[in-house]
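# Analysis of the macromolecular model
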Amino acid sequence: MRRVIPRGVRRLRARTAPPEPTLACRAPFTSLHVDQFGDTRPCCQSSRVLGNVADQTLDEIWTGESLAELRTAIAEGDLSLGCEHCEWAGRGGRETTYAVRFDRDRLPEPDAGPTRLELAPSNACNLQCTMCNGDWSSSIRLHREKRPALPRLFGDRQLAEVAALADGLDEIHLFGGEPLLMPEGLRLLDIAADTGTRAVITTNGSVFTPRVEALLDRPGIDLVVSVDGTSPEVYESIRCGANWAALQEHLDRFQELAAAHGNRVDLAHCLMTSNWHEFPDHLRWAAGRGLGVYVNDVLSPIEVSLHHLSPPELDAVVRALRARQAEVDELPEPWRATWAGALERLEQTLRDGVDGGRHAHLGQLTASHADAAAPDASATLSPVAARLHARYLGPQTSVVLVLDDDLLVRTVRADGDLARFELGDLDRLVGQPSAAVRTLLDAPDRPDARTVLEWHRDLAVEERRYDLPAGTRSERRTIAPAGDHLELRFDYWLPPTDADEDAAIRSMAVDGAIVELVIEDGRVAAIGPDDLARDLGLRPEVGLECTMPTDIVVPALADPPPAFSAEEIEPGLVAVDLLWPDGHHLVVLARVSAERTFVRVGRAKPGPDEG
Ligand SMILES: C[S@@+](CC[C@H](N)C(=O)[O-])C[C@H]1O[C@@H](n2cnc3c(N)ncnc32)[C@H](O)[C@@H]1O
Ligand code: SF4
C-alpha cells in the first residue's frame, strides 16, 4: 500500500553537500538509471548494463555482482568498465564530464538502496525531433521508422519497487519518451509526491494539462525543459510537432509554479549542425528568462553531430562561435560556463580527433559492440524460409569505406553492378567527412526514402529502403572498427525479379517443377499445370474462394494437418513450409499485393543442403 504523507507535513530530504569528491564518479554508488528497454546502468552515459528490470528487481540489480565490480573499478579510478564517455570528456578537465552531475549525491548508508533513480518508464512521446529516434519516441517509431511499438515494461511490480525504495531516495529523475504524457510517468510523480521525494523531469515542455499543473504545484519538483532552437523556425524545424508559442506559455507557467515553491526550471539544449549558429542567442534568451542551460553533446545521429564534422568544418564552426565571444561575455556566470564547457568539448574533438575513447561514441553506432556481427536476416527464419531467402536475394553490392582518424573517407571499395543501384561515381566520396557520406549515398531526389526495417540499438546497423525505378533499393549500413581504423559498410540489394523468384523456388522443388496460381479478389483466377496441382494435393479449380495461399494447399491434404510455418522474408513475399506426418512436403512462395497474389508451390526436396 502506498504510504501517504499529508501535504502539510511532507518533507523533502535535505541534500547535504558531500565532501570534495574523491571518487572519479559517484553514480555507481548512488544511482540506477533504467531505460525504456528496462536495461539498467549507473547513469545514462554508461555503456555497462547491470541488469534488466523486466526479469530482475531493482534491489537485485543494486546488490548484484556487475555493479559491485564497477564500484571496485571506479574506486580505483578505472573508467574502462563502460565509462568511456567521461574518460573522453574528462581529457578537457573533470569539470566537463557527466560524472560531476553526481558529485552532490548523498552516498547511501551501507546496505541501503540508491539515493537517486533515473527512469524512462516508456518511449511514449508526441514529438518527432530530428536528432531523436524511435527508441526514445513512440511517435518517431510509428511514423518515421514504421517499426512495431515497444512493449511497456514499467508495470505495477516495478512501480511498487520504486515506492518501496522511495524512503531512501533523494531524487527520482524522469525522462522518456515524454514523462508528462505517459501514465507511468504520472504515477511515479505521485509516488514522489506521496513520499516527499524530490523529482526532476526532463520534458519537451509541450504538455501542460490540469493533472500536470497539479503535480507541479508542490515543492521539490524541478524541470529540465528541452529547447533546441531560439527562433520559432529553428525550434519547430528540430522539435517536429512542437509549437514555439505554446512553449513560451508553458515556460511562463512552469516558472510561476517553480517560483511559488522554490523549485528550479532549467533547459537542455542539443547543440548540433542545425542550431549552433543560434547558440549565443540561445544563451542570451535563456539568461533573460533566468533559465540555466545544460548542453547535450549530440554524437548520434552523425548527420547532425558537430563532433562528426570533418576537422575543417568543425574548425569553421568553432571559429564562428568564438567570433561571438563578446556577446557571451556580457552574460552572467552560469551561462558563460555553459558556453565555455560546450566550446571546450568541441575544441577537444578538434584537438584529439578520433581515437580509442571516441570510437565508442559514434553515437548509437556503438563500436564497443564491434565483435557482434551485422544481424543476418535469415538467421531468424525457419529453415525453408531461410533457404528461399538465401536463393532469392536479388542483385547485391557492398560499398566499404575506410575512414581515417579524422573520419574522412580514405578509400572506397565496391563490387557488383553499381549502375543498377544509382550510387553514382564512388570516387567522389574519397576525402569526404563520414557524416556527409550518408547523404551523398542517399538515393538522389528521393524524399520518399524511409527507414523501414530494423534499427538495432546494440549493433551498428541501420536498414533503409528507397523506391527507385529499378525497384525498391534496400540498404543496410554498418560501422565497425577494423584494426586501427573504422569501416563504414553499405550493403545494397534490389528486389529480385520475377525470374529470380521463379529460380529460387524451382531450385527447392523436386525436378524443379512448380504449380503457379494467381489469386484475385479472394478467388483463384488461374492455376496450372493441372496434373501437377492434383499430384501435389491442390485443388486446380479456377474461381475457388481463398484468402490465403495456403487455403488452396491445406484443405485437400488437411487430415492430419501439416506442420506449418509461414514467414514474410521480404515485405510482401511470404515463404510457407508445409510438412505432413507421412512426409508429404510442400514449399510455397507467395508474392502478396493488394491487387493480386501470385503463388508458386512445389514438392520440397528433402534435406537442407540440396541443389
Ligand atoms: C530523449 S529525451 C526524453 C525527454 C523529453 N522527451 C525531452 O525531449 O526532453 C531526453 C533528452 O535527450 C535529448 N536528446 C534527444 N536526442 C538526442 C541526441 N541524439 N543526442 C543527445 N541528446 C539527445 C533531448 O533533447 C532531451 O533533453
Ligand atoms: S520530445 Fe524528447 S523523446 Fe520526444 S522526440 Fe523529442 S527528444 Fe525524442
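The structure presented is a predicted model; accordingly, all values stated were derived computationally and were not measured. (Residues numbered from 1 in each chain as written. Chains lettered and ligands numbered in written order. Predicted model: local features only at pLDDT ≥ 70, side-chain atom pairs only at ≥ 80, totals over all residues.)

## Remarks on the overall build of the chain
Along the chain, the regular secondary structure elements total 20 helices and 21 strands. Counting across all 611 residues of the chain, residues that qualify as buried make up 41%. The long-range fraction of contacts in the chain, counting pairs at least 24 apart against all pairs at least 6 apart in sequence, stands at 62%. (Helix = DSSP H or I, 4+ residues; strand = E, 2+ residues; numbered from the N terminus. Buried ≥ 20, exposed ≤ 12 C-beta atoms within 10 Å, placed from the backbone. Contact = placed C-beta atoms within 7 Å.)

## Brief notes about the site of ligand 2
As a matter of local geometry, ligand 2 sits amid 13 residues, with Cys125, Cys129, Cys132, Ser137 and Asn204 nearest to it. In terms of residue class, the shell around ligand 2 is built from six nonpolar, six polar and one charged. (Near = placed C-beta within 6 Å. Nonpolar A, V, L, I, M, F, W, Y, C, P; charged D, E, K, R; others polar.)

## Here we look at the environment of Ala526
Here Ala526 lies in strand E17 (residues 523-528). It is 8.1 Å that separates the C-alpha atoms of Ala526 and Glu541, two residues lying 15 residues apart in sequence. Contact partners of Ala526, with chain neighbours within four places excluded, come to Leu517, Val518 and Val542.

## Digging into the site of ligand 1
In the region of ligand 1, 17 residues are neighbours, and Met131, Asn204, Ser226, Ala268 and Asn296 sit closest. Contributions of two or more residues to the shell around ligand 1 are made by strand E6 (198-203) and strand E8 (265-271). In terms of residue class, the shell around ligand 1 is made up of eight nonpolar, eight polar and one charged.

## Observations concerning the confidence of the model for the chain
Residue-level pLDDT values for the chain average 80, and 76% of them are 70 or greater. Here strand E12 (residues 455-456) stands out as the least confident element of the chain, with mean pLDDT 31; helix H10 (residues 244-261) is the most confident, with 98. (pLDDT = per-residue confidence, 0-100.)

## Topic: helix H6 (residues 156-165)
Listing the buried residues of H6 in full gives Gln158, Val162, Ala163 and Leu165. The arc enclosing the buried residues of H6, seen along the axis, measures out at 165°, which places them on a common side. Facing away from the buried side of H6, by more than 90 degrees, are the exposed residues Asp156 and Arg157. For H6, the elements touching its buried residues are helix H2 (58-62), strand E4 (116-119) and helix H7 (183-195). (Arc of directions from axis to C-beta.)

## Brief notes about the environment of Gly177
Here Gly177 lies in the loop between strand E5 (171-174) and H7. Using a count of 26 C-beta atoms within 10 Å as the deciding quantity, one classes Gly177 as buried. Along the backbone, Gly177 and Asn204 are 27 residues apart, and their C-alpha atoms lie at a distance of 9.1 Å. Every residue in contact with Gly177, bar those within four places of it in the chain, is listed here: Gln36, Ala120, Ser122, Asn123, Ala124, Cys125, Trp136, Ser137, Ser138 and Met182.

## With respect to the packing of H6 against H7
As a packed pair, H6 and H7 sit with axes 10 Å apart at the nearest point and diverge in direction by 20°. Regarding the angle of H6 to H7, the classification is roughly parallel. In this structure, H6 meets H7 at a crossing whose hand is right-handed. Of the residues in H7, those touching H6 at Leu159, Val162 and Ala163 are Arg187, Leu188 and Ile191. For the contact of H6 with H7, the residue count by class is five nonpolar, no polar and one charged. (Axes fitted to C-alpha atoms, helices over the stretch in contact; angles between N-to-C directions. Parallel < 35°, antiparallel > 145°, perpendicular 65-115°, else oblique. Left-handed = near helix turned anticlockwise from the far one by under 90°.)

## Quick notes on H7
Its 13 residues place the ends of H7 18 Å apart at the C-alpha level, agreeing with the 18 Å of an ideal helix rising 1.5 Å per residue. For H7, the secondary structure elements touched by its buried residues are E4, H6, E5, E6 and helix H8 (210-216). After H7 finishes, the residue Gly196 shows a positive phi value of roughly 70°. (Expected span 1.5 Å × (residues − 1).)

## A word on the sheet that holds strand E7 (residues 221-226)
Backbone-to-backbone hydrogen bonds pair the strands of a sheet. The strands run either parallel or antiparallel. Strand order in this open sheet of nine strands is E3-E2-E1-E4-E5-E6-E7-E8-E9, and the pairing throughout is mixed. The sheet is open, and its two borders are formed by strand E3 (51-52) and strand E9 (292-297), each paired with just one other strand. Taken together, the two bridges between strand E1 (residues 31-34) and strand E2 (residues 39-41) define a ladder with antiparallel strand orientation. Among the inter-strand pairings, Val34 is bridged to a residue of E2, identified as Thr40. (Pairing = 2+ DSSP bridges.)

## A look at the nonpolar core
Among the nonpolar cores identified, the biggest contains 84 residues, and Cys25, Ile172, Leu188 and Ala199 are the most heavily contacted of them. A total of five residues in this core trace back to one element, the largest contributor, which is H7. The residues contacting Ile172, other than those within four sequence positions of it, are Leu117, Leu119, Leu188, Ala192, Thr197 and Ala199. Met508, Val524, Val574 and Leu578 belong to the second largest nonpolar core, which has 31 residues in total. (Core = buried A, V, L, I, M, F, W, Y, C linked by C-beta atoms within 7 Å.)

## Brief notes about the pairing of E5
Two faces make up the sheet, and in a regular strand the side chains alternate between them. The side-chain alternation of E5 yields two buried faces, one formed by Glu171 and His173 and the other by Ile172 and Leu174. Two strands pair when backbone bridges link them, and E4 and E5 are joined in this way by four bridges, in the parallel orientation. Bridge pairing in E5 links Leu117 to Ile172. Relative to E6, E5 is paired through four bridges, and the arrangement is parallel. Looking at E6, one finds that Leu174 is bridged to Ile201. Each parallel crossover has a hand, and for E5 linked through H7 to E6 it is right-handed. (Right-handed = clockwise from strand over helix to strand, strands pointing away.)

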